[in-house]
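Here is how the chains run, residue by residue.
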Amino acid sequence: MTRSKFRFKRLDRIGVPDAGEDREFLEHCFVDTEDVEALLDCGDSRRVVVGGTGCGKTALLDRLSRTHVRVLTIAPESLALAHITNSTILKYLLSLGVKLDIFFKLLWRHVFTVEILRSHFGVYSEADQVSFLQKVRTLFDVKHRRAVKYLEEWGRTFWKETDYRIKELTTKLEREISGSINSKVPGVSFTASDAHKLTQQQIQEVVERAQVVVNQVQIRELSEVLEMLDAVLDDPQKPYYVLIDRLDENWIEDRFRYLLVRALLETVRDFRKVRNAKIVVALRRDLIDRVFKLTRDAGFQQEKYESIYLRLDWSERELVELLRARLGYLLKKRGVRDVPDVSDLLPKYIDQLPALEYIVSRTLRRPRDAIQFMNCCIEQAIDRSAISVDNVRQAEGVYSPARLRAIADEWAADYPTLLRHIGILKNRQALFPLEEISDSDVAESCLRFAISDEASPPCPLGAAALATANGLVSPSVFRAMALDVFYRTGIIGLKLEKHEGIEWAYAGHKSISSAEQELPGVRVAIHQGFWRTLGVRLHS
């Protein structure tokens with residue numbers, strides 16, 4: 001087909017939002033941002049890929065798995081962690097305040113160590129395990145006797161799948177805790193009703209005995225196992241990579257999930273001792289914030305984790321390159337022989353911006369946003385040889401509300417009522433003084449929320465709105481909280497000083513305190529991606 005005969009068809013797309021289903025375009029249109037090289041370098045401390053929804057975390061891990069042979073992928077849902085959430089003993093202990101951090105770290109260390117050794121020595125059957133244990137005994141001296149003993153103890157099940165080992169470790173801990181507690185406080189059934197029957201002294205005894213058992217798990221042996229693993233993997237040309245993704249999905253009950261993710265981050269840091277192995281984890285930025293908020297303990301230092309983060313920050317140039325590559329590949333798929341510059345498929349300028357830059361300006365600098373907007377444009381240009389300015393504007397009418405809905409979904413765990421408070425931003429200018437959101441605007445919005453029949457899940461924004469409507473706090477308190485949330489989620493940016501640019505949280509800029517919001521002259525910038533759905537006025 002020649003370029004002159006090309007027409008967009010109804011099913012034409014430049015990819016799909018889910019990287020797991022976007023393999024073809026990812027393979028042919030991957031934009032190298034040098035992040036893969038950083039992850040492949042075992043000497044590089046960065047190993048936790050951090051970013052918002054749709055910024056390319058899954059695509060990056062998929063690329064890594066395609067460029068290296070010794071890659072082990074662990075799916076959270078395959079770990080049988082439901083066995084933990086179904087454990088009446090562990091749930092009972094958690095409700096009493098017993099700290100299970102050490103046990104969860106043991107789980108992760110054990111899983112990673114076994115998976116790597118299993119792959120390295122080819123332990124996939126009962127027959128393989130005999131050969132494996134013989135090699136372990138002959139390879140290592142007395143210095144590693146505790147580690148060898150640990151591997152001999154668990155070597156019987158090395159050839160089995162990961163979920164079996166999770167159940168095995170959990171069952172072992174339950175048995176030891178139950179035995180220890182019942183020897184001192186007979187008849188404990190480990191149920192919620194049971195706690196009401198015990199005296200305060202008995203509860204204290206249960207907590208202390210359980211904590212002792214948990215603290216005695218074989219972390220020392222596992223530490224020596226890491227040293228031994230480092231000695232086994234002695235060839236820097238043959239490193240191993242263990243990949244974990246989709247931890248933000250519902251793979252386990254929330255109260256256990258946050259503790260397990262915290263333990264995972266600790267384990268990833270510990271594994272740096274193994275020079276030729278790297279645990280690579282993909283996590284959403286909001287999930288990390290939530291984990292630390294809910295699991296923070298005395299002496300916690302969040303900054304000590306910064307060195308292991310690889311933050312995915314896309315530039316405008318990289319996103320334009322991504323759109324060019326995907327449009328070009330679409331034409332090749334359609335059999336266009338003389339593939340032109342893809343700019344020929346688009347209007348030259350839209351509102352004085354080159355078309356691709358206009359599209360990128362409506363994103364939160366995420367590939368998924370750019371792909372979705374371009375797909376919307378293609379849908380409006382069916383049977384046409386190029387996308388017009390009108391097509392782009394029609395597409396924006398579809399894209400803009402969809403993006404706002406997606407932001408609300410992304411942050412629903414923290415702010416489930418976010419969209420019900422967005423009205424205080426509607427029908428304003430693109431950049432306006434903060435004080436334009438008046439106390440009466442806020443009070444009216446909070447009152448609408450309070451008298452609404454719509455069910456409201458627990459939400460700090462909703463609670464603040466109710467408090468404002470009931471006169472318990474001033475409208476300025478709710479305004480400060482709402483603007484902080486809108487800023488963190490990327491819906492707005494803030495211009496603190498006349499001589500400064502606009503601060504955007506998604507671009508890695510600092511958080512904005514309520515005190516800074518109160519500075520004179522602060523202006524609110526509504527992100528361009530939401531102009532259409534919020535009815536932003538571009539002129540006074």
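Keep in mind that what you see is a predicted model, and the values were worked out from it rather than measured. (Residues numbered from 1 in each chain as written. Predicted model: local features only at pLDDT ≥ 70, side-chain atom pairs only at ≥ 80, totals over all residues. Heavy atoms only, no water.)

1. What to know about the pairing of strand β3 (residues 240-244)
When a strand is regular, its side chains alternate between the sheet's two faces.
Step number 1: Counting buried positions along β3 gives 5 out of 5 residues, so the element sits mostly inside the fold.
Step number 2: A two-sided burial pattern is seen for β3, the buried positions comprising Y240, V242 and I244 on one face and Y241 and L243 on the other.
Step number 3: Two strands pair when backbone bridges link them, and strand β2 (residues 71-74) and β3 are joined in this way by 4 bridges, in the parallel orientation. Residue pairing for β3: V71 is matched across the bridge by Y241.
Step number 4: The pairing of β3 with strand β4 (residues 277-284) spans 5 bridges and is parallel. Considered in β4, the bridge of L243 is made with V280. (Buried < 20%, exposed > 50% of the residue type's maximum accessible area, 1.4 Å probe, protein only. Helix = DSSP H or I, 4+ residues; strand = E, 2+ residues; numbered from the N terminus. Pairing = 2+ DSSP bridges.)

2. Thoughts on the packing of aromatic side chains
Given two aromatic rings, one states the distance between the centres and the angle between the planes to describe the pair.
Step number 1: For the structure shown, the criterion picks out 10 aromatic pairs.
Step number 2: Between F292 and Y305, the aromatic rings sit 4.8 Å apart at their centres with planes inclined by 40 degrees, giving tilted as the arrangement. Here F292, found in helix α14 (residues 285-295), pairs with Y305, found in the loop between α14 and β5 (309-311); they are 13 residues apart in sequence, far enough to count as distant.
Step number 3: A relative accessible area of 0% means that Y305 is categorised as buried.
Step number 4: Ring pairs connect the aromatic residues F103, F104 and F256, which therefore count as one cluster.
Step number 5: Looking at R269, its charged tip hangs above the ring of Y305, at a distance of 5.4 Å from the centre.
Step number 6: If you follow R362 out to its NZ or CZ, it ends over the ring of Y358, 3.9 Å from the centre. (Phe/Tyr/Trp six-rings, centres within 6.5 Å; stacked < 30°, edge-to-face > 60°. Lys NZ or Arg CZ within 6 Å of the ring centre and 35° of its normal.)

3. Let's talk about the confidence of the model for the protein chain
Step number 1: With 86% of its residues at a pLDDT of 70 or more, the protein chain shows a mean pLDDT of 85.
Step number 2: Confidence, read as mean pLDDT per element, is least for helix α10 (residues 192-197) in the protein chain (61) and greatest for helix α23 (residues 531-534) (97). (pLDDT = per-residue confidence, 0-100.)

4. Describing empty space enclosed by the protein
Step number 1: The full count for this structure, using the stated rule, is 2 cavities of 30 Å³ or more.
Step number 2: What lines the largest cavity is simply R285, L364, R366, E410, W411, R488, T489, G490, A505 and Y506.
Step number 3: In terms of residue class, the lining of the largest cavity is built from 4 nonpolar, 2 polar and 4 charged.
Step number 4: Together, R362, T363, L364, D369, Y399, R403, H527, G529 and F530 line the second largest cavity.
Step number 5: Class assignment of the residues belonging to the lining of the second largest cavity gives a composition of 3 nonpolar, 3 polar and 3 charged. (1 Å grid on protein atoms, 1.4 Å probe; cavity = no way out; pocket = protein on both sides within 12 Å on 5 of 7 lines; lining within 4 Å. Points joined across faces, edges and corners; volume = space filled by probe spheres on them. Nonpolar A, V, L, I, M, F, W, Y, C, P; charged D, E, K, R; others polar.)

5. Here's the deal with the sheet that holds β2
Step number 1: Strands sit in the order β2-β3-β4-β1-β5 across an open sheet of 5 strands; the sheet is parallel. For this open sheet the edge positions go to β2 and β5, each flanked by a neighbour on one side alone. On average, each strand axis in the sheet is tilted by 25 degrees relative to the strand beside it, whichever way the strands run.
Step number 2: Pairing between strand β1 (residues 48-51) and β5: 3 bridges, direction parallel. Each residue of the ladder has a partner; that of V48, found in β5, is Y309.
Step number 3: Where α14 meets the sheet, its contacts fall on β1, β4 and β5, and the angle it forms with β4 comes to roughly 95 degrees. (Axes fitted to C-alpha atoms, helices over the stretch in contact; angles between N-to-C directions. Contact = heavy atoms within 4.5 Å.)

6. Topic: the environment of D390
Step number 1: Mapped onto the secondary structure, D390 falls in helix α18 (residues 389-410).
Step number 2: The sequence separation of D390 and P347 amounts to 43 residues, and the corresponding C-alpha distance is 9.6 Å.

7. What to know about the layout of surface pockets
In this approach, a probe sized like a water molecule rolls over the atoms, and the result shows the empty space that is left.
Step number 1: Roughly 930 Å³ of internal volume is contained in the largest pocket.
Step number 2: Lining the largest pocket are 46 residues, and of these T53, G54, K57, T58 and R368 sit closest to its centre.
Step number 3: Within the residue set of the lining of the largest pocket, elements represented by two or more residues are α1 (23-29), α3 (57-66), α13 (254-270), β4, α14, α15 (316-333), α17 (367-380) and α18.
Step number 4: Considered class by class, the residues forming the lining of the largest pocket number 21 nonpolar, 7 polar and 18 charged.

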